[in-house]
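Take a look at the letters that make up each chain.
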Amino acid sequence: MFPDYDIIVVGGGHAGCEAAAASARMGSKVLMITLNLATIAQMSCNPAMGGIAKGQIVREIDALGGYSGIVTDHTMIQFRMLNKSKGPAMWSPRAQSDRVLFAARWKEMLEQIPNLDFWQDSVTELIVKKGKVEGVKTKHGLEFCAKSVIITSGTFLNGSIHIGRKSFSGGRLGEAPSSGFTQNLVSFGIESERLKTGTPVRVDGRTIDFSRLIEQPGDEVSGKFSFLDTPVLKKQLSCYLAYTDEGVHDILRTGFDDSPMFSGRIQGSGPRYCPSIEDKIDRFSDKDRHQLFVEPEGWNSIEYYINGFSSSLPLEVQYKALRNIPGFEKSKILKPGYAIEYDYFPPTQLDFTLESRKVENLFFAGQVNGTTGYEEAACQGLMAGINAHLKIRNHEPFILKRSEAYIGVLIDDLITKGTKEPYRMFTSRAEFRILLRQDNADSRLTRKGYELGLASQERLDRLNEKEFLIQKIQDTIHTQKTTPDEINPYLVKSGSSSISIKTCAQKILLRPQVSIHGLIGNVSSLRNSLETLTPYDVFKEALESAEIAIKYKGYLDREKEMAEKISKLENTKLREDFDYSQLKSISFEGREKLSKIKPRTIGQASRISGISPSDISVLLIHIGA
């Protein structure tokens, strides 16, 4: 009745979409099984992509040939580059998306992949023979055979929703959970634990007094995520800022006795960096107000997402507190805020390809690995899809180093350190964030994506052109000089000291007050040399990268040198069957963790929590390094 597949992807969220797209486009015959085909790629929480460090991840997904950046560019309603007042290592693109259009565009792109089939159902069992996965069984009593299975079930595994004292089963509000599958996975020796996340009320925008809020428009000149020639946003919708106050906090405190979080009915750990409003009030009792971001859900939607007001308090408390926030006095709630508790599988049980160490050819990606956020899920899905395809063809795995991508940092953190709370990416997690910028994700990763068969020839051609232009711009700035008469008016206006003799343009650009656009606009010889360079969109990207390369050369060189030193540890391999119990000079905790995680290299071993520098010295001596 049904054909056999190379790969089955369980789940249709952000991880599942990238996993299915990647493996199918690489040549595998793929089946996506999801509870509801109408909710593929749904934005369950806030309608936005990117943000601090997350924006870098979306650009990396795009550089490798993934789809998240393309979908975002086609469906965004606002774009902002965050942290522009800081150095370029911190610049992070963020887009507000049209929730409905985002999911529709993703589904449309998936349906255009010839090797990808879909089935609406719930997976209840794995088919495993001799320790190797061979397919799945579904709630409808069907069996699908495959060489590999990727689990991307999000928050649906034994999902439980909490609103005040009310609790009921659900993977999302209004959607049934997946029951029984966790127990089946546990039967194969896979450990399971519980986590918690939450979402805020959605409010009818027609009932908000926006005149009392602080408008947050998008950037004057919109950016984008994809390195391809995707649309640039011409018109944007604004977001808004609002604030709670002590009166709002007092109302919220009246619901604490009924809160599932404080009563102990929620056992799972919640996200530390995105806590519920009641958690914020409890943990930061010295704060007399908290910031809220009021975000539109789409071009033609009345729905607004109140970012920062996540809550599992009784609905009447949420409603009363909301109506005491300035601007929300007459507001109407469309959907309540709620907490959701769900099963996840500690990621220390995985290999660095995201393959299970308990069941061969079984991969896990997304929130089932303990992460939070669309971007973290999507990049895991992409990597799992790539590695599942490579594994069943006996090809070498694809693993990104910490010095190569935020994706590499994320996966390395999960596998070596694990997580007891929903993991969220931050720039501070990356040791090499000057190298891992959002502007150079294509230079770092597109050739790798092209070799995998994911990044197109068009991507490679654009990258080659961009890198040619970057070098041309740098060479021109190195050789051109400017006179005092030409440049001094601009320098004085910019707050920089004037020059008295003819000076190299590069030396001028090193000044913090001087921008490359200002330099080109005021030095005619430089402008004449560069204005013939085309195409303009690639030239624009190249200008930014060239400016960063010149201004931050010293920092970049030092970080590259450090990365090269550390890579020696990363290249010092450890055997998978290494018997750590024999190393009596290492603490019992160290031996236990090394035996469980089985690091591939000395570098990965050094990042395991509880492994000391002296433990690493013992390892190096033992392997003769």
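Residues numbered from 1 in each chain as written. Predicted model: local features only at pLDDT ≥ 70, side-chain atom pairs only at ≥ 80, totals over all residues. Heavy atoms only, no water.

### Quick notes on the environment of A19
Mapped onto the secondary structure, A19 falls in helix α1 (residues 14–25). On the basis of relative accessible area, A19 is assigned to the buried category, the value being 0%. Sequence-wise, A19 and L35 are 16 residues apart; in three dimensions their C-alpha atoms are separated by 17 Å. In contact with A19, other than residues within four places in its own chain, are V9, I150, G381, L382 and G385. (Helix = DSSP H or I, 4+ residues; strand = E, 2+ residues; numbered from the N terminus. Buried < 20%, exposed > 50% of the residue type's maximum accessible area, 1.4 Å probe, protein only. Contact = heavy atoms within 4.5 Å.)

### Looking at the pairing of strand β10 (residues 160–163)
Alternating positions in β10 separate into two faces, S160 and H162 on one and I161 and I163 on the other, with burial throughout. With three bridges joining them, β10 and strand β18 (residues 338–344) adopt antiparallel strand pairing. The residue of β18 that forms the bridge with H162 is A339. Alignment of β10 against strand β11 (residues 166–169), held across four bridges, turns out to be antiparallel. Of the residues in β11, the one forming a bridge with S160 is S169. (Pairing = 2+ DSSP bridges.)

### Points about a negative patch on the surface
A contiguous patch of negative charge, built from D229, E458, D461 and E465, is present on the exposed surface. Here D461 lies in helix α13 (residues 457–479). Given the relative accessible area of 40%, D461 is considered partly exposed. (Patch = residues over 30% accessible without salt bridge, like charges linked within 9 Å, V, L, I, M, F, W, Y side chains within 5 Å. Areas by Shrake-Rupley, 256 points an atom, 1.4 Å probe, with all protein chains shown as cover. Salt bridge = Lys/Arg side-chain N within 4 Å of Asp/Glu carboxyl O. Lys, Arg positive; Asp, Glu negative; His and termini not counted. Charge placed at Lys NZ, Arg CZ, Asp CG, Glu CD.)

### What about the pattern of salt bridges?
Tallied over the entire structure, the rule returns 40 salt bridges. D351 is the salt-bridge partner of R600, the closest N and O atoms lying 3.2 Å from each other. In this pair, R600 is assigned in the loop between α20 (588–597) and α21 (602–606) and D351 in the loop between β18 and β19 (362–364), connecting sequence segments 249 residues apart. With a relative accessible area of 14%, D351 lands in the buried category. Across the pair R607 and D412 runs a salt bridge whose closest N-O atoms are separated by 2.5 Å. With a gap of 195 residues between them, R607 in the loop between α21 and α22 (613–623) and D412 in helix α11 (residues 406–417) connect regions that are remote in the sequence. Of the two residues, R607 and D412, neither departs from the other in class, the shared state being buried.

### Some remarks on the nonpolar core
Counting 99 residues, the largest nonpolar core has I8 and L362 as its most contacted members. Sorting elements by how many residues they give to this core places helix α10 (residues 374–392) first, with eleven residues. Ignoring sequence-local partners within four residues, the contact set of I8 consists of L31, I33, V136, F144, C145, A146, S148, V149 and I150. Of all hydrophobic cores here, the second largest spans 25 residues; its members include L491, A505, L519 and L533. (Core = buried A, V, L, I, M, F, W, Y, C linked by side-chain atoms within 4.5 Å.)

### Quick word on the state of the cysteines
Counted by the stated rule, this structure contains zero disulfides. Unpaired in terms of disulfides, C17 finds its nearest cysteine sulfur in C379, a separation of 14 Å. The exposure class of C17 is buried, given its relative accessible area of 0%. (Disulfide = S-S within 2.5 Å.)

### Looking at helix α19 (residues 553–570)
Taking 1.5 Å per residue, 18 residues should reach 26 Å; α19 reaches 25 Å between its end C-alpha atoms and fits that length. Of all the positions in α19, only L556, E559, A563, S567 and E570 are classed as buried. Mapping the buried residues of α19 onto a view down its axis gives an arc of 85°, with all of them on the same face. In this structure, α19 carries R558, E564, K565 and K568 as exposed residues pointing more than 90 degrees from its buried face. (Expected span 1.5 Å × (residues − 1). Arc of directions from axis to C-beta.)

### Focus: the sheet that holds strand β3 (residues 48–50)
Strand order in this open sheet of three strands is β3-β5-β4, and the pairing throughout is antiparallel. A strand with exactly one partner marks an edge of an open sheet, and here the two such strands are β3 and β4 (76–82). Strand-to-strand twist of the sheet, defined as the mean angle between neighbouring strand axes without regard to direction, takes the value 15°. Relative to strand β5 (residues 92–97), β4 runs antiparallel, the two sharing six bridges. Counterpart to F79 in the pairing with β5 is A95. (Axes fitted to C-alpha atoms, helices over the stretch in contact; angles between N-to-C directions.)

### Comments concerning helix α2 (residues 54–64)
Of all eleven residues that make up α2, eleven are buried, and the element is covered over most of its length. Listed in full, the buried residues belonging to α2 are K54, G55, Q56, I57, V58, R59, E60, I61, D62, A63 and L64. Directly after α2, the chain includes G65, whose backbone phi takes a positive value near 110°.

### Regarding the packing of aromatic side chains
Under the definition given, this model contains eight aromatic pairs. Measuring from centroid to centroid gives 6.1 Å for F79 and F225, while their planes differ by 75°, and the two rings are edge-to-face. Here F79, found in strand β4, pairs with F225, found in the loop between β13 (214–216) and β14 (239–243); they are 146 residues apart in sequence, far enough to count as distant. Given the relative accessible area of 2%, F79 is considered buried. By relative accessible area, F225 is classed as buried at 0%. Each ring, one from F578 and one from Y580, has its centre 4.7 Å from the other, and the planes form 45°; the classification is tilted. Across the pair, Y580 and F578 agree in class, each one buried. Here the aromatic residues F210, Y240 and Y304 are joined through ring pairs into a cluster of three or more. The lysine or arginine in question, R429, covers the ring of Y423, its NZ or CZ lying 4.2 Å from the ring centre. Directly above the aromatic system of Y555 lies the positively charged group of R558, at a separation of 5.2 Å from the ring centroid. (Phe/Tyr/Trp six-rings, centres within 6.5 Å; stacked < 30°, edge-to-face > 60°. Lys NZ or Arg CZ within 6 Å of the ring centre and 35° of its normal.)

### Description of unusual backbone geometry
With a phi angle near 65°, N83 is a residue other than glycine that sits in the positive phi range. In this structure, N83 sits in the loop between β4 and β5.

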